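Structural overview for review
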Amino acid sequence: MSENNPFPDEGNTGHIWDDNLRELSNPPPNWWMMAWYASIAFVIGYGLIYPMIPLANTFTKGLTGWTAISEFNEAVAEVEAMRKPNEDKIAAKTAKEILADDELSAYVEASGKVLFGDNCAACHATGGAGNDGYPVLADDDWLYGGTIEQIQATIANGRKGMMTAHAATLSEAEIDTLASYVVGLSEGKADEKGKALFQSKACFACHGMDAKGMAALGSANLTDGIWRFTEADQLASAKRTIAHGVNAAGDAETRNAEMPAFKDKLSEADIKKMAVYVYKFGGGK
Amino acid sequence: MSEKQIQEQSLEELYAEAHEHTINVGDVKIHAKRMGGKFRNLKWASNLLWIVFFIGPFLRLGDRQAILLDIPNRQFHIFNLTLLPQDLWMLSFVLLFFAILLAVVTALAGRVWCGFFCFQTVWTDVFTWIEEKLEGGPAKRRKLEKAPWNSAKIIVRLKKYSLWILVAFLTGMSFTAWFTDAYQLWVDFFILNAASTVYITVSMFVVGTFFLAGILREQTCFWLCPYARIQAVMIDDTTIVPSYDVKRGEKRGRILKNKPAPEDQGDCVDCNQCVAVCPTGVDIRGGQQEGCIMCGLCLDACDAVMEKINKPTGLIKYASWDGIMGKEELPLLKRPRVWVYSAILMVSVIGVTLGLSGMESLELKVLHARQPLFVLQSDGTIQNRYTLKVLNKMNADMNVIISVDKSEFKGLKLLGAEKEVVAVHGTVTPVTIFVKVPKKNLTEKSQPILFTVKGKDSDGNEYKSNRESVFIGPKR
């Protein structure tokens, strides 16, 4: 660094290296200063208009009182206001009346997808296609009845299947006979021996004299091609169900079949919507 | 007057303006001289085509506008034809047609579009015509430009600008009228009842037209329009363009009083008339260039001079570079470009024709439900769910009946199509239906199935549309 400044008139900082390499103190360019002041003005303006500085328990609110969450809530309110006419009608009508109203049921069909996806599709799959161990909702075979009221009751109150385990009361041969009888029923085959056993062992008490099930009890229709519990070998599946029952206490191999109640989780209007939505899958009666 | 006097006088006239007209480099305003002639008349005739733009929206068809581009309702009415967004693909063929037409015309005859049809050229022509009527010829206009702002200048400028704004306003209104009811537009506009988009569009057109045709003029062709830049790759030595016959014209030289021309002097007398009349201010004698919009006005000017000095016309003429240089020119039909361009033109014409002829007033689309693909029902049938989308392109709602071809499916049942469906006009009506077929009658995992929608309009004309989908069953 030079002790004597050889360039005294140019306003350098006095830092000079290698004889003539020196540091000047020119002001920043005009455009830069303008941008700098504009940024400061922007920050002040922003602070005046929007919430900005966090305080101990609160924050500066800004003149407009805008917050991101209030903007979100307004947008939600806007959507709800749009839906309100239909939602009001749904609240005022029974599920059956909603079904009869083309416009409302079209609204439910369009808007019910989210509700179904959140609450139902985990077990019953999108479109009510069903999963292993969980019933198909798109078919017309209903354990607890397929009218709109019955579907609504099932969603609201839930269902718990019930069948005694027969491993202790029936011999293995009897279970074989009964299983092949009911599998045969669904294929339209007659089996007098099986039929006699079906009646003598009082299966009809739950499944009915015609083996077509009773909606009041939730007993399965054994004569159609649809099985509540499906396996690759339907005969083996039927044997297991007869031997170990459904939700039978103390039987490790029993079938589990429980639909939770949704009346505490969903509003009544939402339950009506879901009833209509499920009904419209194509299996409602 | 003696013959010599006449000659002297006309010589003075001939060169009187020669120094005033310079080649356009963008720093001065071009004031082109107007003179009559073949191409000038042709230009007026082609300008007149734009009348369609102004009166088109006022044509009626029954109780509606004959041509209405109805953006809010997403439909275009072109006389009896109604186009919905579903028909948009045809637009790509229309655009292809015009793009290729532009290429063909440019390859064969240069910038015919620029010189005779382009709105920039036409509007500038009208604007400068108004200017000339009010302010006089190029020399007077140049003088007025430099003159101080006195009352006379203010008045003449006010008149000019008002007329320009009037033309610009009519342009904006006419443009807007294509998109809404034209008669109602004029009423609504003045009782301040029109949509804000109308006012925005019209004011944008007023500003745009005034600025582009009044102020910017030929500079638009030079600096804004991409077409000037790509023309160089579209024309070649065989393209017929306004050209200066170099062989005949050079070496150019002025006619001097009482002095015979030197022996090597060509026919160009260097009067600068071709530059004087050029609306973009280029010198055609420099050869083909980006500023030349090929309007042919310099041909008129040069021919007039040639006639005056008793020389054959056509020193500037429509000719190809090969023609000027005396090379043999291939006939049109032997040029590969002509064939390639014509083939593409044909494709686009066929595309639009097929599209228009195949357009149905009633259209059916079938969406097979994705989940579940099929459902086994308790009676042993397989049920498939479909969403049918019925598009009604007519002007009135129509009751339609949905049916399905049962011939391949024994025992098929169609649910949800018992009632007639109201197909709302100008939109798509969705209908959910179910098809049931006994499992034992299915032969394949997936079989084609044909849906039909049928209806009659109020005049009793029958409409029908088919659509094939699939019927899906369990694995065989």
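From a predicted model like this one, the values you see are computed outputs, not experimental measurements.

Here's the deal with the domain arrangement of chain B
Where interface size is quoted, it is often the accessible area lost as the parts come together. All names here are of chain B. With domains assigned, chain B is organised as domain 1 (25–234) and domain 2 (362–472). The distance between the C-alpha centroids of domain 1 and domain 2 comes to 50 Å. Contacts between the two partners involve six residues from domain 1 and, on the opposite side, five residues from domain 2. Surface buried jointly by domain 1 and domain 2 totals about 490 Å² across both partners, of which 50% is contributed by carbon and sulfur atoms. Across the contact surface, domain 1 and domain 2 share one salt bridge. One salt bridge connects Asp87 with Lys393, and the closest N-O pair in it is separated by 2.9 Å. There are one residue pair in polar contact (both at pLDDT 80 or more) connecting domain 1 and domain 2.

Quick word on the side chain of Ser219 of chain A
Residues and elements named next belong to chain A. With respect to the element layout, Ser219 can be found in the loop between helix H9 (204–207) and helix H10 (234–244). The class for Ser219 is buried, based on a relative accessible area of 9%. Of note is the side chain of Ser219, whose polar atom sits 2.7 Å from the backbone oxygen of Cys206. If we skip the residues at most four places from it in the chain, Ser219 touches Leu143, Cys206, His207, Gly213 and Met214.

Details of the packing of aromatic side chains
For the structure shown, the criterion picks out 35 aromatic pairs over all chains. The interplanar angle of 80 degrees and the centroid separation of 6.1 Å between the aromatic rings of Phe53 of chain B and Trp123 of chain B together place this pair among those described as edge-to-face. Of the two residues, Phe53 of chain B sits in helix H3 (residues 51–55) while Trp123 of chain B sits in helix H6 (residues 119–135), which places them 70 residues apart along the sequence. Using a relative accessible area of 13% as the deciding quantity, one classes Phe53 of chain B as buried. When its relative accessible area of 8% is taken as the criterion, Trp123 of chain B is described as buried. The side chain of Arg22 of chain A reaches across the aromatic face of Phe7 of chain A, ending 3.9 Å from its centre. Here Lys61 of chain A stacks its cationic end above the ring of Phe59 of chain A, 4.4 Å away from the centre of that ring.

Topic: the domain arrangement of chain A
Under the domain assignment used here, chain A contains domain 1 (1–66), domain 2 (69–160 + 261–279) and domain 3 (172–256). Just the C-alpha atoms count here: the centres of domain 1 of chain A and domain 2 of chain A sit 61 Å apart.

Re the sheet that holds strand E16 (residues 462–472) of chain B
Residue and element names in this part refer to chain B. Strand order across the open sheet formed by four strands is E13-E11-E15-E16, with antiparallel pairing between neighbours. The sheet is open, and its two edges are formed by strand E13 (421–423) and E16, each paired on a single side. Adjacent strand axes in the sheet meet at a mean angle of 35 degrees, parallel and antiparallel pairs treated alike. Both strand E15 (residues 446–456) and E16 contribute to a ladder of eleven bridges, which runs antiparallel. Pairing of Gln447 across the sheet is with Phe471, part of E16.

Looking at the state of the cysteines
What the rule picks out here adds up to zero disulfides over all chains. Of the cysteine sulfurs around Cys203 of chain A, a residue in no disulfide, the closest is that of Cys206 of chain A, at 8.9 Å. Looking at Cys278 of chain B, it has no disulfide partner, and the nearest cysteine sulfur is the one in Cys295 of chain B, 6.0 Å off. Owing to a relative accessible area of 10%, Cys278 of chain B belongs among the buried residues under this scheme.

Section: the environment of Ile151 of chain A
Residues and elements named next belong to chain A. Mapped onto the elements of the fold, Ile151 is located in helix H6 (residues 148–157). Accessibility expressed as a relative area gives 5% for Ile151, which makes it buried. As for Ile151 and Asp233, which are separated by 82 residues in sequence, their C-alpha atoms are 30 Å apart. With residues up to four places along the chain from it excluded, the contact list for Ile151 reads Trp142, Gly145, Gly146, Ala275, Val278 and Tyr279.

Let's talk about the sheet that holds strand E4 (residues 75–78) of chain B
Across a sheet, strands are paired by hydrogen bonds formed along the backbone, either parallel or antiparallel in direction. All names here are of chain B. Pairing in this open sheet of three strands is antiparallel, and the strands run E3-E4-E5 from one edge to the other. In the strand order of this sheet, the two ends are held by strand E3 (67–70) and strand E5 (81–83), each with one partner. Neighbour-to-neighbour, the strand axes of this sheet turn through a mean angle of 10 degrees, independent of strand direction. As judged from the four bridges shared by E3 and E4, these two strands associate in the antiparallel manner. Its bridge partner being in E4, Leu69 is matched across the sheet by Phe76.

Cut-off values and rules
- Residues numbered from 1 in each chain as written.
- Chains lettered and ligands numbered in written order.
- Predicted model: local features only at pLDDT ≥ 70, side-chain atom pairs only at ≥ 80, totals over all residues.
- Heavy atoms only, no water.
- Domains from an automatic or database assignment.
- Contact = heavy atoms within 4.5 Å.
- Buried area = accessible area lost by both parts, 1.4 Å probe.
- Salt bridge = Lys/Arg side-chain N within 4 Å of Asp/Glu carboxyl O.
- Polar contact = N/O pair within 3.5 Å; in protein donor to acceptor, adjacent residues only side chain to side chain.
- Helix = DSSP H or I, 4+ residues; strand = E, 2+ residues; numbered from the N terminus.
- Buried < 20%, exposed > 50% of the residue type's maximum accessible area, 1.4 Å probe, protein only.
- Phe/Tyr/Trp six-rings, centres within 6.5 Å; stacked < 30°, edge-to-face > 60°.
- Lys NZ or Arg CZ within 6 Å of the ring centre and 35° of its normal.
- Pairing = 2+ DSSP bridges.
- Axes fitted to C-alpha atoms, helices over the stretch in contact; angles between N-to-C directions.
- Disulfide = S-S within 2.5 Å.

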